[in-house]
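Okay, here's what each chain looks like letter by letter:
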Amino acid sequence: MSVRRVGILLRRELFLGPKSFIFLWSVLLPIVLSLVLSLVFGTLFSDKPRLGITDQGDSKLVEMVQDSPSVTAREYGSVGDLEQAVRAGAVDFGIVLPEDFDSLVQQGQAVEITAYVWGESLAKHRVIAQVTLLDLVRGLSGREAPVEVTITTLGEEAGVPWSDRLLPLIVLMAVFIGGMFLPATSLVTEKQKRTLEALTVTPTTMLEVVLAKGILGFSVSLAMGLIILALNGAFGGEPGLLAMMLALGAIMAAELGLILGAFAKDMSSLFAVWKTGGILLFAPAFIYLFPEIPQWIGQIFPTYYLVEPVVRISQEGAGWPDIAIHVLVLIGLDVLLVGAVGLAMKKMKSAMA
Amino acid sequence: MAGDAIVAEELTYSYGELVAVDHISFKIAEGEILGFLGPNGAGKTTTVKMLTGQLKPKGGKAVVLGMDVASDAGKVRGEIGVCFEQTNLYEQMSALENLQLFARLFGVGDFDGKTLLKRVGLDGREKDKVEGYSKGMKQRLMVARSLVNRPRILFLDEPTAGLDPTSAEAICSIILEERARGATVFLTTHDMMEADKLSDRVAFMNGGKIVALDTPHNLKQQYGKRALKAKIQTPTGELLDREVVLDQPETPDLVHKLFAGERVVTIHSEEATLEDIFIKITGRGLKE
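Quick caveat: nothing in here was measured; it's all calculated off a predicted structure.

A. A look at the overall build of chain A. Tallying secondary structure elements over chain A gives 13 helices and 5 strands in all. Dimensions along the principal axes, computed over C-alpha positions, put chain A at roughly 85 × 35 × 35 Å. When each of the 353 residues of chain A is scored for burial, the buried share is 45%. Counted over contacts in chain A with a minimum sequence separation of 6, partners at least 24 positions apart contribute 80%.

Take a look at the structure:
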């Protein structure tokens, strides 16, 4: 295998790729969808959680929260006002500080804080608000304070907000549309136009052709995944881990694209397979959309092992120990698909003969 | 004496039950032009695919420039140029970009695409996208592409099919130039005139087998007949045809009698075409 020839072929793919409708479609669709949803749900320009406070005494914590760069703070005069603000979605998280809050925490006594959560607030906003609050209380008391937070969810939707539910679908679209379609359509076009045959009478091997197309799919898929997460402000606290998950997903997308391209005779059959088989790819995202569906069903589908860790890292602040099994399964699937790509290429070569 | 550029020994290929190429053996010397003739489905393309490393033979062996194609396909492909019957160019790229891409894949360092395009008559259009080219221009570009690595063996599959006489003539000239450079040419064609004009030897393929392989002259000698065709005028003014078969013991007498006893109006010699010979050998035409 020659890395030089893979580079030459990749350059040709990059030269012709952006001129195709498929390229524009696969790149623009997730971005446009993401921007529309961000505007609809108002998450594009509000990346900080909004924290409401009602102070029944004279706590220094109010000032500390207002000075905190992690949240946007608003003070309310009464518990009723705070409840109303949370219910209306004016703030994501509201807390009621008892009258003698500061002295109790400084003495190390147990304190109970009542907290209200807007049902439609983003999971990551809830997590950030809680972590910020506990950090500030620790700063106030000078030690780990025995604070117990009692949470009440308010608002119409006391479940997962739509913007959170839609994130898996957008991420899957970003990773799989470009990652699959670019190698698949490129391979089908080369078969239809017989340019693949022309390449195979040069020193170029089929492996080099496949690698070039796979690298293109992988790169576009990874880039799109990162862009979409950035647009949705969903990097969480582990951007490296998220990038690794997207890279593994991008490998899967490119591999599936190559297999699809190897078997599809023409563009019509490629899109026919996409229409029927696409549901299998996006099934885990659809299951996320409707929490009333038993969520374990998602585990049947390979893309679950990409979506679940991405959601958990970006929305719940999960780390490596929480997603290790998913990563291992995803790596296993990627390795299996390498074998499947090899078989598909053999089939394609004999079909070309 | 030139060595063998191509040696096929008992080369065999089958698609399932269908035997496309059936134990064929032949040799082609370096610098030779071999015309490879046969009707559709005779096994010509399958043979070319085995010789160019696109297909692995199911039996036998193909040795190209001293290398076994089955085990050294990559090296063999670096030394050959292939021009396909059907256009397979990157149509969204220009002619120059097409040639430069293939030159890079062959690892040709000092490639001069413009000169090559001038040679095939495409100068001035080198930066135009190929999708705007006529069939003849595309075919000339296909030939140019097969020459980017200055191949030692050139495989040409119907290079002039469907072309206007000027384009066809230009391609024939290039084939002869390549032979003069020392390249071996494996020319697959339906065009008997072209094969006769260009080939040092021709091979007839039928039903997966090579049924004849020799120079056009020898084949005509062996299978064809040469004749004199005359038109005579009778005393009543009627025009009649007369034929005298040449190369026979009685030919001189017959010619003498023709001129002595008849009023010859026109006379010309006629020899068998390769098509006639193919029909005679196989019982079928080349364009079936």
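B. Expanded view of the overall build of chain B. Within chain B, the secondary structure is distributed over 10 helices and 13 strands. By residue count, 40% of the 288 residues in chain B fall in the buried class. By sequence separation, contacts in chain B at least 24 residues apart represent 67% of the contacts at least 6 residues apart.

C. Representation of the interface of chain B and chain A. Taken residue by residue, the interface counts 18 residues in chain B and 17 residues in chain A. Contributions of two or more residues to the side of chain B that touches chain A are made by α2 (73-79) and α3 (95-106) of chain B. Sorting elements by how many residues they give to the side of chain B that touches chain A places α3 of chain B first, with 5 residues. Class assignment for the residues of the side of chain B that touches chain A results in 8 nonpolar, 7 polar and 3 charged.

D. Expanded view of unusual backbone geometry. Residues and elements named next belong to chain B. The backbone of leucine 65 sits at a positive phi, close to 55°, despite the residue not being glycine. Mapped onto the fold, leucine 65 is located in the loop between β4 (59-64) and β5 (67-68). On the basis of neighbour count, leucine 65 is assigned to the buried category, with 20 C-beta atoms found within 10 Å. In this structure, glutamate 158 takes a positive phi of about 50° despite not being glycine. With respect to the helices, strands and loops of the structure, glutamate 158 is situated in the loop between β7 (153-157) and α6 (165-181).

E. Expanded view of the domain arrangement of chain B. Per the domain assignment, the segments of chain B are domain 1 (4-218) and domain 2 (225-270). A straight line from the C-alpha centre of domain 1 of chain B to that of domain 2 of chain B covers 44 Å.

F. Broad picture of the sheet that holds strand β2 (residues 72-75) of chain A. Residues and elements named next belong to chain A. Taken in spatial order, the 5 strands of this open sheet run β2-β1-β3-β4-β5, and their pairing is mixed. Both outer strands of the open sheet, β2 and β5 (147-154), are each paired with one neighbouring strand and no more. Geometrically, the sheet is characterised by an average inter-axis angle of 25° between neighbouring strands, direction not taken into account. Pairing geometry for strand β1 (residues 50-55) and β2, over 4 bridges, is parallel.

G. Up close: the packing of helix α10 (residues 239-263) of chain A against helix α13 (residues 320-352) of chain A. Residues and elements named next belong to chain A. Running from N to C, α10 and α13 cross one another at 20°; their axes reach a closest spacing of 9 Å. Classed by the angle they form, the pair α10 and α13 counts as roughly parallel. When you trace α10 past α13, the crossing you get is left-handed. A per-class count over the contact of α10 with α13 returns 20 nonpolar, no polar and 3 charged.

H. The domain arrangement of chain A, seen in detail. Along its sequence, chain A is organised into domain 1 (3-41 + 161-352) and domain 2 (50-154). A separation of 42 Å is found between the C-alpha centroids of domain 1 of chain A and domain 2 of chain A.

I. A look at the packing of helix α5 (residues 135-145) of chain B against α6 of chain B. Residues and elements named next belong to chain B. In the contact formed by α5 and α6, the axes pass within 10 Å of each other and the chain directions differ by 5°. Comparing their axes, α6 and α5 come out roughly parallel. Contact residues: α5 offers Gly136, Gln139, Arg140 and Val143, while α6 offers Ser167, Ala170, Ile171 and Ile174. Grouping the constituent residues of the contact of α5 with α6 by class yields 4 nonpolar, 3 polar and 1 charged.

J. Inspection of the pairing of strand β13 (residues 263-270) of chain B at higher detail. Residues and elements named next belong to chain B. Along β13, only 0 of the 8 residues are buried, which leaves the element largely exposed. Here strand β11 (residues 227-233) runs beside β13; their pairing, made up of 7 bridges, is antiparallel. Opposite alanine 227, over in β13, you have glutamate 270 as the bridge partner.

K. Structural view of the sheet that holds strand β9 (residues 201-206) of chain B. Residue and element names in this part refer to chain B. Pairing in this open sheet of 6 strands is mixed, and the strands run β6-β7-β8-β3-β9-β10 from one edge to the other. Every other strand in the sheet has two partners, leaving β6 (80-83) and β10 (209-214) as the edge strands with one partner each. Adjacent strand axes in the sheet meet at a mean angle of 15° when their direction is disregarded. With 4 bridges joining them, β6 and β7 adopt parallel strand pairing. Bridge pairing in β7 links cysteine 83 to leucine 156. Packing against the sheet, helix α10 (residues 274-282) makes contact with β3 (33-37), β9 and β10, and its axis sits at approximately 40° to β9.

L. Structural view of the nonpolar core. Counting residues in hydrophobic clusters, the biggest one holds 142 residues, and the most contacted among them are Val171 and Val175 of chain A together with Leu37, Ile153, Phe155, Phe186 and Leu187 of chain B. When residues no more than four places from it in sequence are discounted, the contact partners of phenylalanine 155 of chain B are Val48, Thr52, Ile80, Val82, Cys83 and Phe186 of chain B. Counting residues in hydrophobic clusters, the runner-up holds 27 residues, among them Leu51, Val65, Leu97 and Ala129 of chain A.

M. Examining the environment of glutamate 169 of chain B more closely. Within the element layout of this structure, glutamate 169 of chain B appears in helix α6. Linking glutamate 169 of chain B and proline 151 of chain B, residues 18 residues apart in sequence, is a C-alpha distance of 21 Å.

N. Here's a closer look at the pairing of strand β3 (residues 93-97) of chain A. All names here are of chain A. Burial within β3 is extensive, with 5 of its 5 residues counted as buried. Judged by which residues are buried, β3 turns out to be covered on both faces: Phe93, Ile95 and Leu97 on one side and Gly94 and Val96 on the other are all buried. With 4 bridges connecting them, β3 and strand β4 (residues 111-118) associate as antiparallel partners. Within β4, the residue paired with valine 96 across the bridge is threonine 114.

O. How the structure looks around the environment of alanine 129 of chain A. Residues and elements named next belong to chain A. In this fold, alanine 129 is placed in helix α6 (residues 123-141). Note on alanine 129: 27 C-beta atoms within 10 Å, which makes it buried. Alanine 129 sits 45 residues away from glutamine 84 along the chain, and the two C-alpha atoms are 18 Å apart. In this structure, alanine 129 is in contact with Pro49, Leu51, Val71, Asp92 and Phe93, ignoring residues within four places of it in sequence.

Conventions used here
Residues numbered from 1 in each chain as written. Chains lettered and ligands numbered in written order. Predicted model: local features only at pLDDT ≥ 70, side-chain atom pairs only at ≥ 80, totals over all residues. Helix = DSSP H or I, 4+ residues; strand = E, 2+ residues; numbered from the N terminus. Buried ≥ 20, exposed ≤ 12 C-beta atoms within 10 Å, placed from the backbone. Contact = placed C-beta atoms within 7 Å. Nonpolar A, V, L, I, M, F, W, Y, C, P; charged D, E, K, R; others polar. Domains from an automatic or database assignment. Pairing = 2+ DSSP bridges. Axes fitted to C-alpha atoms, helices over the stretch in contact; angles between N-to-C directions. Parallel < 35°, antiparallel > 145°, perpendicular 65-115°, else oblique. Left-handed = near helix turned anticlockwise from the far one by under 90°. Core = buried A, V, L, I, M, F, W, Y, C linked by C-beta atoms within 7 Å.

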